Amino acid sequence: MISVKNLNFSYTRTPFIKNVGFEVKTGEIFGFLGPSGAGKSTLQKILTGLLTGFKGSVLVNGEAIGQHNNSFYENIGVDFEFPSLYEKLTAYENLKFFASLYQKHRDINTLLSKVGLLNDANKKVSDFSKGMKSRLNFIKALLHDPQVLFLDEPTSGLDPSNARVMKDLILNEKAKGKTIILTTHNMYDATELCDRVAFIVDGNIKALDTPRNLIMKRGASKIAYTYSDSGREIKMEVPLNKTSEDETFLRLIRTNCLLSIHSGEPTLNDIFVELTGRQLQ
């Protein structure tokens, strides 16, 4: 669905995006993961045709970016981090207007219902909270049933309940065969949603793989356990593949004397720091 080769881009004379290349399969959720200013949003803007002047090859849905026409936008949906809505119009009026720009569109009330905004359909967007605007902006990107979705920090500023609603909607779109580009610095969203992630730092891809493979390649899972000894709580760790060699651990299991036990493995943030020396959050 997306093919990028030898991509270079600069806002000034200093190179910003440098020799980037990757491919995204149809029906895949592909994540750009990195700190603010790393180049994630710039890459997204190039892929959606908003930034020109780049060097290299960029194909989206078979069309070369820079040579596309307006029909290109019938098949892509974009949800920017900062909502692009008309504040003086109601939620319904906003969606009705944006729907008129496309050849086809989904049912507006159904979309509003999916994000819990149906009862606020006739309220002006200027009266919406930040989270409500984020949810409205998200379904605006779904209006014309695009084949490719570009989502920039889709859960930013949402409470856990509404973030869950948003993530379920993203997974539902994937289940329909949609291709999704997810730009985020949230390692939990990336781990849960993405089939593959690219670590972006200073305009470069530092690593690209599935979240699971990135985690398992860089650190073995561990077992952490606690037990009581002379009234004191003792904490211990053992690598998951070495548990059979830990005599204390085996003895505690046999005698049912464990106070607690849990497994642990590196997070995407741990791997990101190890590879780049930078923090995601």
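Residues numbered from 1 in each chain as written. Predicted model: local features only at pLDDT ≥ 70, side-chain atom pairs only at ≥ 80, totals over all residues. Heavy atoms only, no water.

A. Looking closely at the side chain of lysine 40. Mapped onto the secondary structure, lysine 40 falls in helix H1 (residues 40–47). Notably, lysine 40 is buried but unbridged: the nearest opposite-charge side chain belongs to glutamate 153, and the N-O separation is 4.7 Å. When sequence neighbours within four positions are dropped, the list of residues in contact with lysine 40 reads Phe32, Leu33, Gly34, Pro35, Glu153, Thr183, Thr184, His185 and Ile200. (Helix = DSSP H or I, 4+ residues; strand = E, 2+ residues; numbered from the N terminus. Buried < 20%, exposed > 50% of the residue type's maximum accessible area, 1.4 Å probe, protein only. Lys, Arg positive; Asp, Glu negative; His and termini not counted. Salt bridge = Lys/Arg side-chain N within 4 Å of Asp/Glu carboxyl O. Contact = heavy atoms within 4.5 Å.)

B. The arrangement of the pairing of strand E8 (residues 179–184) in detail. The buried count for E8 comes to 6 of 6 residues, which makes it a mostly enclosed element. Burial of the side chains of E8 extends over both faces: Thr179, Ile181 and Thr183 are buried on one face and Ile180, Leu182 and Thr184 on the other. Pairing analysis gives 5 bridges linking strand E3 (residues 29–33) to E8, with the strands arranged parallel. Residue pairing in the sheet places glycine 31 in a bridge with leucine 182 of E8. With 5 bridges connecting them, strand E7 (residues 148–152) and E8 associate as parallel partners. Paired with valine 148 across the two strands is threonine 179, which belongs to E8. (Pairing = 2+ DSSP bridges.)

C. Quick peek at the packing of aromatic side chains. This structure, assessed with the given rule, holds 12 aromatic pairs. Consider the rings of phenylalanine 22 and phenylalanine 32, whose centres lie 5.4 Å apart with planes at 80 degrees: the pair is edge-to-face. Taken together, the residues phenylalanine 22 in strand E2 (residues 17–24) and phenylalanine 32 in strand E3 connect sequence positions 10 residues apart. Its relative accessible area of 5% is what places phenylalanine 22 among the buried residues. Seen in terms of ring centroids, tyrosine 86 and phenylalanine 98 are 5.9 Å apart; in terms of plane orientation they differ by 25 degrees. Their pairing is stacked. Pair noted here: tyrosine 86 is in the loop between strand E6 (76–79) and helix H2 (91–99) and phenylalanine 98 is in helix H2, with a separation of 12 residues, a long-range link. Under the relative-accessibility criterion, tyrosine 86 is labelled partly exposed at 43%. In this structure an aromatic cluster arises from ring pairing among Phe9, Tyr11 and Phe16. Across from the ring centre of phenylalanine 98, 4.7 Å away, lies the NZ or CZ of lysine 140, which sits over that ring. (Phe/Tyr/Trp six-rings, centres within 6.5 Å; stacked < 30°, edge-to-face > 60°. Lys NZ or Arg CZ within 6 Å of the ring centre and 35° of its normal.)

D. Main features of empty space enclosed by the protein. Scanning all chains against the criterion turns up 1 cavity of 30 Å³ or more. In terms of lining, the largest cavity is formed by Asp79, Phe80, Glu81, Pro83, Ser134, Asn137, Asp152, Glu153, Pro154 and Ser156. Residue classes in the lining of the largest cavity are distributed as 3 nonpolar, 3 polar and 4 charged. (1 Å grid on protein atoms, 1.4 Å probe; cavity = no way out; pocket = protein on both sides within 12 Å on 5 of 7 lines; lining within 4 Å. Points joined across faces, edges and corners; volume = space filled by probe spheres on them. Nonpolar A, V, L, I, M, F, W, Y, C, P; charged D, E, K, R; others polar.)

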